[in-house]
Amino acid sequence: MYNLKVYVYAICKNEEQHIAPWVESMREADGIYVLDTGSDDSSVALLSGMNVVVKSEKISPWRFDVARNRSLAMVPEDADLCVCTDMDEIFLPGWREKMEEAWLAGAHRLKYRYVWSFNKDGSEGCVFWISKAHARKGFVWTHPVHEVLEWKRSEPCIEREANGVQLEHYPDPAKSRGQYLPLLELSVLEKPDDDRNMHYLGREYMFHGMWEKCEETLLRHLALPNATWPDERSASMRFLARAVEHQGRPLEEAFLWLLKAAAEAPSMREPWIELSEFEQKQENWAGSLFFAEKALAIQHRSRSYINEAASWAEKPYDLAAIAAYYLKDYDKAKAYGRKALEYDPENARLQKNMEFYQAKGD
């Protein structure tokens, strides 16, 4: 252990099912501070009984950034390193020492690996890197939802990687995300030039099937001068293809958006996979196989939140196997079919497809 003061802070509302494993995972810190924002279950009692410093406060109107800043204010002034987590997240053991090692190299903020979801077999699903460990001073949480830490000092913010640190997310599927849409609309209203929130709002409209608003908002995202990150631009283009298709416009228009998405971020699997799916629906098997194999040629997964779990599981292999089968390349269909089954061996459809491939290839 190094001679640093490391504190964890979080917000909480009705998290009783997560509290015990969360606290156990955070015990490596010198202290744990939680702002409860209105629990009506046993959350406060449980936290208090586990030597967590708890304060209750109602945030009205609700904003995640305000709640985060209130919880950060609870952290003692002598903190060297503040670590923000949610109650449904768990650090793998040894996280503190690895963070301290990275911190002592000189930093204002640390970046580390985050497993946002897991596949049915327990393997990692969506994985990216986040940076929610930071200095006590100089940072403020901003945005009503999808809040981010902003560095408010004049000198450059130094961010280092805390290699070996892993935070894992175990969300409650019953929890509603209904509040996200109005908060995102507020966020864009407050900062209409923020490209990140414009993309998030367009994506949220897509989740709600609000296709006209989705298209309008994503076009606004792409038109922003500061919307320069290829990964996010590519995602907006993919979502625009879906919006075009759902509004019954010519398929050529949707296909063009997917081609633009692939050109924008050619090192990501997602646009190639979506192109393969598009060609599959048109029964253009050569095109579907070509794009699936373009995806599979990409071996290095992006560290950004844009990457999707299915892209790194059975999906590209399944697409390639089906296309190869219809092209009568049965050896290739079997090879790709076997790979798909390795990722999802209990999948009845994949099993049945494999029987077709083997019957034709034998």
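What counts and what doesn't
Residues numbered from 1 in each chain as written. Predicted model: local features only at pLDDT ≥ 70, side-chain atom pairs only at ≥ 80, totals over all residues. Heavy atoms only, no water. Helix = DSSP H or I, 4+ residues; strand = E, 2+ residues; numbered from the N terminus. Rg over C-alpha atoms; globule rule 2.2 N^0.38 Å. Buried < 20%, exposed > 50% of the residue type's maximum accessible area, 1.4 Å probe, protein only. Contact = heavy atoms within 4.5 Å. Areas by Shrake-Rupley, 256 points an atom, 1.4 Å probe, with all protein chains shown as cover. Lys, Arg positive; Asp, Glu negative; His and termini not counted. Charge placed at Lys NZ, Arg CZ, Asp CG, Glu CD. Phe/Tyr/Trp six-rings, centres within 6.5 Å; stacked < 30°, edge-to-face > 60°. Lys NZ or Arg CZ within 6 Å of the ring centre and 35° of its normal. Polar contact = N/O pair within 3.5 Å; in protein donor to acceptor, adjacent residues only side chain to side chain.

J.: How would you explain the overall build of the protein if you had to name every residue and give the values?
T.: Scanning the protein from N- to C-terminus turns up 14 helices and ten strands. The C-alpha radius of gyration of the protein comes to 23 Å, within 12% of the 21 Å expected for a compact globule of 362 residues. C-alpha extents for the protein along the principal axes are approximately 70 × 45 × 45 Å. Expressed as a percentage of its 362 residues, the buried residues of the protein come to 52%. In the protein, 66% of the contacts between residues at least 6 apart in sequence involve partners at least 24 apart. Total accessible area on the protein is roughly 17000 Å²; 52% of this is exposed by carbon and sulfur atoms. Side chains of the protein carry 46 positive and 59 negative charges; the gap between the two charge centres is 2 Å.

J.: Tell me what's going on with the packing of aromatic side chains, and back it up with residues and numbers.
T.: Within this structure, the stated rule accounts for 20 aromatic pairs. Both rings, one in Phe 91 and one in Tyr 112, keep their centres 5.9 Å apart while their planes meet at 55°; by these two values the pair is tilted. Taken as a pair, Phe 91 in strand β5 (residues 89–91) and Tyr 112 in strand β6 (residues 109–115) lie far apart in primary sequence, 21 residues in all. No difference in accessibility class separates Phe 91 from Tyr 112, as the two residues are buried. Ring pairs connect the aromatic residues Tyr 114, Phe 128, Tyr 200, Trp 229 and Tyr 305, which therefore count as one cluster. Between Arg 269 and the ring centre of Trp 312, over which it is positioned, the NZ or CZ distance is 3.8 Å. Taking the ring centre of Trp 272 as reference, the NZ or CZ of Lys 294 above it sits at 4.9 Å.

J.: Quick rundown of the environment of Ser 276? Include the residues and the values.
T.: Structurally, Ser 276 is set in helix α10 (residues 269–281). Along the sequence, Ser 276 and Ser 288 sit twelve residues apart, while their C-alpha atoms lie 4.1 Å from each other. If sequence neighbours within four positions are ignored, Ser 276 has contacts with Ser 288, Phe 291, Ala 292 and Leu 319. Engagement of the side chain of Ser 276 in a polar contact is seen with the backbone oxygen of Ser 288, the distance being 2.8 Å.

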